Amino acid sequence: MTERVPPPWRMRVLRYRPLSRPVRWLRRFVRERWRDSIWVNDTRLFLEAVRQEVRRAWPGRPERPRRPRKGPGEAGPVRRLSAVRFDVAWVPTAQARGAEIAYTAAQLRLHVGPHNLTANQNVWSDAVHDAVLVSAYPLALWLAASWWRLHWEPLLAPGMHVTLQWRSAHEMEAAGYGFVWPHVLWASDGEAMQIWAVAARTQDRKRKAVRYLTKTGGPVSVPLTDFTQGVDDFLAATVWRLKVRTRLYGDCALRKLWDDLRGDRKDPRRAQWRRCEAELGFALGLCPDGLMEKALALKGVMGPAVSELLPAYGKAAGLAFVPLEALSGMSGIAGRLVDPRALGARTAPQGASWAQAALIAREVRAAIGIAGGPLEDKVLYDLLGVTKETARHTTLGPTARAAVAIPGIRDEYRLLIREGDRPTRRLEWARLFADFLLPEEARGSWLVSTDLMTWRQKYQRALAAELLCPIEALKGYLNGNSSATGVDLAARDFGVPIDIVEAVLSYNGIVSSRVRFGDPKTGFPYYQGRFASQYAWLPGGKGVNTFM
């Protein structure tokens with residue numbers, strides 16, 4: 001009787017049986033962590049880069065239609081188009097100073113909302129182009145190195161010195177490497193990214209090979225998440241271009257910065273460290289450890305309010321940590337803030353929108369029974385839970401950079417107010433009350449009022465302006481007389497600074513903005529090399545373009 005021989009397919013199964021465990025592990029990995037895997041995301045970028053190379057090598061070859069990705073719904077998930085896009089079209093180049101520069105040469109288009117910031121004119125041929133030929137490597141290096149400061153370091157307060165270090169982290173021309181970059185300024189308020197673009201002057205003595213044509217005429221505001229998405233896509237595309245085209249990817253500086261950035265963002269403790277470092281005004285990894293330990297200790301005490309205080313007392317202010325640490329131990333004015341609105345009739349503020357701040361101010365006025373007219377001091381003090389006698393005391397000097405309300409027991413606060421005249425102090429009281437109306441999970445336990453340009457401070461100024469000087473009452477008072485004399489009289493009778501009256505009229509389209517808007521030559525919100533100016537520090541207003 002002959003021995004039965006297993007079929008060939010059975011022998012193959014027995015031969016590869018030791019590989020069954022790795023195969024099962026790989027199948028489980030693909031099934032459970034496919035979409036969350038960095039390896040898979042990088043592979044998608046790699047395949048996209050290969051597809052672009054094939055399309056460039058054979059331009060006449062018809063492209064195979066791609067099947068739509070499956071997902072919830074018939075058409076699958078649709079990714080929203082970002083308001084900030086760095087569109088690159090890679091081009092081959094043979095001559096460059098380095099392999100990274102040569103292999104990342106591209107036609108770059110930078111779109112911010114409806115604006116194309118790279119629209120330019122070639123001075124040699126006078127031809128106008130939508131894209132500019134540069135290398136993506138220097139811009140990617142600058143974006144990766146300045147990522148934390150671009151996201152969390154706000155625009156400086158009026159009167160603070162704009163240093164070269166601050167400009168190098170926020171102005172796009174700092175990307176350097178000998179390329180002509182657009183004159184663009186990026187400044188975040190913690191919720192939105194504000195972008196200024198300046199067109200090159202035609203009669204500039206220092207003529208460059210490329211003259212950029214786009215001028216925004218004021219800040220263009222886009223959601224911070226859109227800016228993050230646009231930057232991340234550009235960095236990932238540049239990194240993979242290097243990986244596909246050169247063998248120097250493992251040793252290049254961009255790869256190390258990109259890996260460190262992704263690691264810091266995934267680790268909550270490291271992300272908190274980097275954010276505090278950026279809020280203090282230091283470049284990546286240059287903040288002393290002792291100073292960072294103090295900042296993290298203050299964050300544990302003050303909560304989210306420390307993000308409003310660190311830029312005000314940070315590197316731009318000479319690292320004034322002694323008065324910052326002394327705030328918690330100072331004696332102030334005892335008060336108990338109350339929200340007069342009913343629980344079911346409260347509008348939750350969402351961002352630094354003037355319209356929402358005006359709506360909340362009208363709700364507060366309706367709750368206390370004062371629809372129009374000036375707000376008396378006694379009514380304002382009752383909202384804060386302080387008496388008229390104690391409200392006259394000054395707890396902080398005129399050089400203090402912030403007014404705070406420190407929480408106590410049983411909803412009591414210790415109020416520390418800066419010195420000033422009656423309109424200034426009324427505005428500061430109203431701003432602390434406006435900060436109190438924010439949800440506690442957004443503002444924390446401490447209330448802070450500073451001169452910075454964060455979304456929280458913009459919201460405070462807008463609500464305080466509408467609370468002390470509502471537009472309907474102001475229009476009835478002026479009766480069509482919006483001259484400088486009428487504005488001065490309205491500011492005196494309503495008990496607010498003149499800038500508040502001008503801002504309310506400007507936002508509602510009654511007068512053109514009289515608020516000084518930075519350097520008239522560049523359009524930036526500061527005089528370069530000098531000091532920050534009082535540009536439109538209230539949200540909205542004429543000349544402020546909003547793209548949400």
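Below is a short write-up of the structure. (Residues numbered from 1 in each chain as written. Predicted model: local features only at pLDDT ≥ 70, side-chain atom pairs only at ≥ 80, totals over all residues. Heavy atoms only, no water.)

### Focus on the overall build of the protein chain
A count of helical and extended segments in the protein chain gives 22 helices and 15 strands. Within the span of the protein chain, comprising 548 residues, buried residues form 46% of the whole. In the protein chain, the proportion of contacts linking residues at least 24 apart, taken out of those at least 6 apart, comes to 65%. Summed over all atoms, the accessible surface of the protein chain reaches about 28,700 Å², with 54% contributed by carbon and sulfur. (Helix = DSSP H or I, 4+ residues; strand = E, 2+ residues; numbered from the N terminus. Buried < 20%, exposed > 50% of the residue type's maximum accessible area, 1.4 Å probe, protein only. Contact = heavy atoms within 4.5 Å. Areas by Shrake-Rupley, 256 points an atom, 1.4 Å probe, with all protein chains shown as cover.)

### Concerning the sheet that holds strand β12 (residues 402–407)
Taken together, the four strands give an open sheet; going across it, the order is β11-β13-β12-β14, and neighbouring strands pair in antiparallel fashion. With one partner strand each, in any of the chains shown, β11 (333–335) and β14 (447–450) form the two edges of the open sheet. Within the sheet, the average angular offset between the axes of one strand and its neighbour, ignoring direction, is 20°. Pairing analysis gives three bridges linking β11 to strand β13 (residues 413–416), with the strands arranged antiparallel. By the bridge assignment, Gly335 is partnered in β13 with Tyr413. Helix α17 (residues 422–436) rests against β11, β12, β13 and β14 of the sheet, and its axis sits at about 135° to β14. (Pairing = 2+ DSSP bridges. Axes fitted to C-alpha atoms, helices over the stretch in contact; angles between N-to-C directions.)

### Description of helix α10 (residues 268–279)
Between its first and last C-alpha, α10 extends 16 Å over twelve residues, near the 16 Å set by a 1.5 Å rise per residue. The complete set of buried residues in α10 reads Ala271, Arg274, Cys276, Glu277, Ala278 and Glu279. Contacts from the buried residues of α10 go to α6 (147–152), α9 (253–266), α11 (289–302) and α12 (306–313). A side-chain oxygen of the first residue of α10 lies 3.2 Å from the backbone nitrogen of Arg269; this N-cap is Asp267. Note on α10: the residue one or two positions beyond its end, Gly281, has a positive phi of about 95°. (Expected span 1.5 Å × (residues − 1). Polar contact = N/O pair within 3.5 Å; in protein donor to acceptor, adjacent residues only side chain to side chain.)

### A word on the environment of Gln460
Assignment of secondary structure puts Gln460 in helix α19 (residues 455–468). For the pair formed by Gln460 and Leu432, sequence separation is 28 residues and the distance between their alpha carbons is 7.6 Å. When neighbours within four sequence positions are excluded, Gln460 is seen to be in contact with Arg431, Ala434, Asp435, Val448 and Ser449.

### Brief notes about the packing of aromatic side chains
Summed over all chains, the structure comprises nine aromatic pairs. Relative to Trp148, the ring of Trp147 has its centre 4.8 Å away and its plane inclined at 80°; by these criteria the two rings are edge-to-face. Given a relative accessible area of 6%, Trp147 falls into the buried group. On the basis of an interplanar angle of 45° and a centroid distance of 5.3 Å, the ring pair of Trp186 and Phe227 is categorised as tilted. (Phe/Tyr/Trp six-rings, centres within 6.5 Å; stacked < 30°, edge-to-face > 60°.)

### Quick notes on the packing of helix α5 (residues 136–145) against α9
In contact at an axis separation of 10 Å, α5 and α9 are set at 30° when each is read in the N-to-C sense. Looking at the two axes, α5 sits roughly parallel to α9. Judged by the sense of rotation from one axis to the other, the crossing of α5 with α9 is left-handed. Taken together, the residues of α9 that come into contact with α5 (itself represented by Tyr137, Ala140, Leu141, Ala144 and Ala145) are Ala253, Leu254 and Leu257. (Parallel < 35°, antiparallel > 145°, perpendicular 65-115°, else oblique. Left-handed = near helix turned anticlockwise from the far one by under 90°.)

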